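Here is how the chains run, residue by residue.
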Amino acid sequence: MADLPARPSLDHLRHEARDLLRAAQSGDTAAVARIGAVSGTLTLAGAQLALAREYGFASWARLKAEVEARTTDLAQQADAFCVA
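Worth saying up front: this structure is predicted, and the values here are computed from it rather than measured. (Residues numbered from 1 in each chain as written. Predicted model: local features only at pLDDT ≥ 70, side-chain atom pairs only at ≥ 80, totals over all residues. Heavy atoms only, no water.)

Chemist: Quick rundown of the overall build of the chain? Include the residues and the values.
Modeler: Helix and strand content of the chain: 4 helices and 0 strands. Listing the helices and strands of the chain from first to last along the sequence gives α-α-α-α. Against the globule reference of 12 Å for 84 residues, the chain gives a C-alpha radius of gyration of 15 Å, more extended than a compact globule. If you line up the chain on its principal axes, its C-alpha atoms span 55 × 20 × 20 Å. With 84 residues in all, the chain has 27% of them scored as buried. Where the 9 positive side-chain charges of the chain centre and where its 10 negative ones centre are 5 Å apart. (Helix = DSSP H or I, 4+ residues; strand = E, 2+ residues; numbered from the N terminus. Rg over C-alpha atoms; globule rule 2.2 N^0.38 Å. Buried < 20%, exposed > 50% of the residue type's maximum accessible area, 1.4 Å probe, protein only. Lys, Arg positive; Asp, Glu negative; His and termini not counted. Charge placed at Lys NZ, Arg CZ, Asp CG, Glu CD.)

Now the structure itself:
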């Protein structure tokens, strides 16, 4: 299981899912296996779910919520620092 970075980027994760899907569609057997482990079809949703599971989350929505929570916390810390 991969560890989510301390400051994850939702845009990066979205690109990672798209890249995984493209690789699977072009015949990369490892990419097909990663998506196939969680979904019966090669779709963006399947690629997103595969990434979410690899990071230890039950769904893409839960992964997204965690990234947004970490980003919000970081933004709040930056604001507090600027105020101080």
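From this point, the narrative continues.
Chemist: Any details on the pattern of salt bridges? Residues and values, ideally.
Modeler: Going through the model one piece at a time under the given rule, you end up with 4 salt bridges. D11 serves as the salt-bridge partner of R14, at 3.5 Å between the closest nitrogen and oxygen. Residue R14 and its partner D11 are located together in helix α1 (residues 10–25), separated by 3 residues, close to a single helical turn. The closest approach of N and O atoms between R70 and E66, which form a salt bridge, is 2.8 Å. Of this pair, R70 and E66 are both found in helix α4 (residues 60–83), 4 residues apart, which corresponds to roughly one turn of the helix. (Salt bridge = Lys/Arg side-chain N within 4 Å of Asp/Glu carboxyl O.)

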